[in-house]
Amino acid sequence: MKTRKNNHNAAIQSSAFTVGQRNFLRRQKLQKLYIFWSRILVFTAFLALWQISADQGWIDSFYFSSPIAILRLFWHDVADRSLLSHIGITLLESGVSFLLIIALSVLIATFFWFYPSLGKMCEPFLIVLNSLPKSALAPLIIVWLGTGPRTIILCGISVGIFGCILNLYQSFAQTDPERLKLIETLGGTKLQAFTKVVFPGNIPTFISLSKVNIGLALVGVIIGEFLAGRKGLGYLIIYGSQVFKLDMVILSIVILCMIAMGIYGLLNMLEKKISY
């Protein structure tokens, strides 16, 4: 009975579209499929050209490796679980850095919104710190905290937090004043204005900043692992370059790309779910 009802509803919805609308939706679907398969084709062609170039000696496989050599190294390292531990360490440090960036940025931007004079006073310092190359801070952090996960996580935080605070604070400050005036007219408090208007109205900005900051946290963690790590993909890149195991270096870079793509995809799904 339910199936018949669902089919009947689908038929009604289908008949509600005009011929032009159905053709437009069909074209949109075909375009998405075309873009998807075009990406797959370009990527496959790149891998094939890379492998053929290495096999034919057009490029030096010692320096540039090859897809098959990287795949063999991947299976070998997965089998003895050494690679999985390095991936897990990098993911954990990046995740902690990202969550701390978001939590601290929201708290500080909220505090600045409640006390605008303090926000205006601190804004120039945040701009300077955001413009500073974060790799310059890493040696100083190592001197303060030594080597280890704390240093790496702090490096990850330092890359994204200042820009995130600035963007969130400016977004909060640019909330529609008419809505805030309405809350005030109805006798609402500043806290109610923030919880009912300011923060919910800036959820899209929050998601967009999350997309940026997950990448920045990953970059900061890799910088920290370059300088202070004994585990992680950043450590593998530095170690591989020192002992001329360039297969290891390229494999680590490929895994970092896959991690970034996966996290970005998850945030995209979250954004679509919130939007609808």
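Up top is the structure these notes are about.
**So, the overall build of the protein chain**
- Counting its secondary structure elements, the protein chain contains 13 helices and zero strands.
- Scanning the protein chain from its N terminus toward the C terminus, one meets helices and strands in the order α-α-α-α-α-α-α-α-α-α-α-α-α.
- A globule of 276 residues ought to have a C-alpha radius of gyration of about 19 Å, yet the protein chain, at 25 Å, is considerably larger.
- With the C-alpha coordinates aligned to their principal axes, the bounding extent of the protein chain is approximately 75 × 65 × 35 Å.
- Excluding contacts between residues fewer than 6 apart, the proportion of contacts in the protein chain whose partners are at least 24 apart in sequence is 71%.

**Remarks on the packing of aromatic side chains**
- Overall, the coordinates contain 13 aromatic pairs when judged by the stated rule.
- A ring pair is formed by Phe62 and Tyr63, whose centres lie 5.1 Å apart and whose planes are at 85°; its orientation type is edge-to-face.
- Through a chain of ring-to-ring contacts, three or more aromatic side chains come together here, namely Trp113, Phe114, Phe172, Phe194, Phe199 and Phe206.
- Taking NZ or CZ as reference, Lys190 lies 5.1 Å from the ring centre of Trp113, over its face.

**Looking at the environment of Ser94**
- As for its position among the elements, Ser94 is in helix H5 (residues 82-114).
- The spacing of Ser94 and Ile222 is 128 residues in sequence and 8.8 Å in space, taken between C-alpha atoms.
- Residue contacts for Ser94: discarding those within four places in its chain leaves Ala217, Leu218 and Val221.

**Things to note about the packing of helix H8 (residues 149-173) against helix H11 (residues 203-228)**
- Packing of H8 against H11 brings their axes to within 6 Å, and their N-to-C directions diverge by 155°. Our classification of the angle between H8 and H11 gives roughly antiparallel. Viewed along their axes, H8 and H11 form a crossing whose handedness is right-handed. Seen from H8, the contacting residues are Thr151, Ile152, Cys155, Gly156, Val159, Gly160, Cys164, Asn167, Leu168 and Ser171; seen from H11, they are Thr205, Phe206, Leu209, Asn213, Leu216, Ala217, Gly220, Val221, Gly224, Glu225 and Ala228.
- When the residues that make up the contact of H8 with H11 are grouped by side-chain class, the tally is eleven nonpolar, nine polar and one charged.

**Points about unusual backbone geometry**
- Phi at Ser65 is positive, roughly 55°, even though this residue is not glycine.
- The residue Ser65 is located in the loop between helix H3 (61-64) and helix H4 (67-79) in this model.
- By relative accessible area, which is 1% here, Ser65 ends up buried.
- Phi is positive for Phe244, close to 60°, though the residue is something other than glycine.

**A short note on the nonpolar core**
- Among the nonpolar cores identified, the biggest contains 27 residues, and Ile101, Trp113, Leu126, Ile161, Cys164, Leu168 and Phe172 are the most heavily contacted of them.
- Among the elements that line this core, the one with the most residues is H8, at ten residues.
- Each residue touching Phe172, except ones within four places of it in the same chain, is listed here: Ala109, Thr110, Trp113, Phe194, Val198, Phe199 and Asn202.
- Counting 17 residues, the second-largest nonpolar core is a separate cluster that includes Leu233, Ile237, Leu246 and Ile255.

**Let's talk about the layout of surface pockets**
- Estimates place the volume of the largest pocket at around 740 Å³.
- For the lining of the largest pocket, the secondary structure elements donating two or more residues are helix H2 (19-56), H4, H5 and helix H13 (246-275).
- In terms of residues, the lining of the largest pocket owes the most to one element, H13, which gives nine residues.

**Examining H4**
- With 13 residues, H4 should cover 18 Å at 1.5 Å per step; its first-to-last C-alpha distance of 18 Å lies within 8% of that length.
- Among all positions of H4, only Pro67, Ile70 and Asp77 are buried. In an axial view of H4, the angular spread of the buried residues amounts to 95°, which keeps them on one side of the axis. Residues Arg72, Trp75, His76 and Ala79 are exposed on H4 and point more than 90 degrees away from its buried face.

**Digging into H8**
- Given a rise of 1.5 Å per residue, 25 residues ought to cover 36 Å, and the 35 Å separating the end C-alpha atoms of H8 matches this to within 8%.
- Its maximal kink placed at Gly160, H8 deviates by approximately 35°.
- For H8, a buried count of 19 out of 25 residues is recorded, marking the element as mostly surrounded by other parts of the structure.

The rules behind each value
- Residues numbered from 1 in each chain as written.
- Predicted model: local features only at pLDDT ≥ 70, side-chain atom pairs only at ≥ 80, totals over all residues.
- Heavy atoms only, no water.
- Helix = DSSP H or I, 4+ residues; strand = E, 2+ residues; numbered from the N terminus.
- Rg over C-alpha atoms; globule rule 2.2 N^0.38 Å.
- Contact = heavy atoms within 4.5 Å.
- Phe/Tyr/Trp six-rings, centres within 6.5 Å; stacked < 30°, edge-to-face > 60°.
- Lys NZ or Arg CZ within 6 Å of the ring centre and 35° of its normal.
- Axes fitted to C-alpha atoms, helices over the stretch in contact; angles between N-to-C directions.
- Parallel < 35°, antiparallel > 145°, perpendicular 65-115°, else oblique.
- Left-handed = near helix turned anticlockwise from the far one by under 90°.
- Nonpolar A, V, L, I, M, F, W, Y, C, P; charged D, E, K, R; others polar.
- Buried < 20%, exposed > 50% of the residue type's maximum accessible area, 1.4 Å probe, protein only.
- Core = buried A, V, L, I, M, F, W, Y, C linked by side-chain atoms within 4.5 Å.
- 1 Å grid on protein atoms, 1.4 Å probe; cavity = no way out; pocket = protein on both sides within 12 Å on 5 of 7 lines; lining within 4 Å.
- Points joined across faces, edges and corners; volume = space filled by probe spheres on them.
- Expected span 1.5 Å × (residues − 1).
- Arc of directions from axis to C-beta.
- Bend = angle between axes of the 7 residues up to and from the residue.

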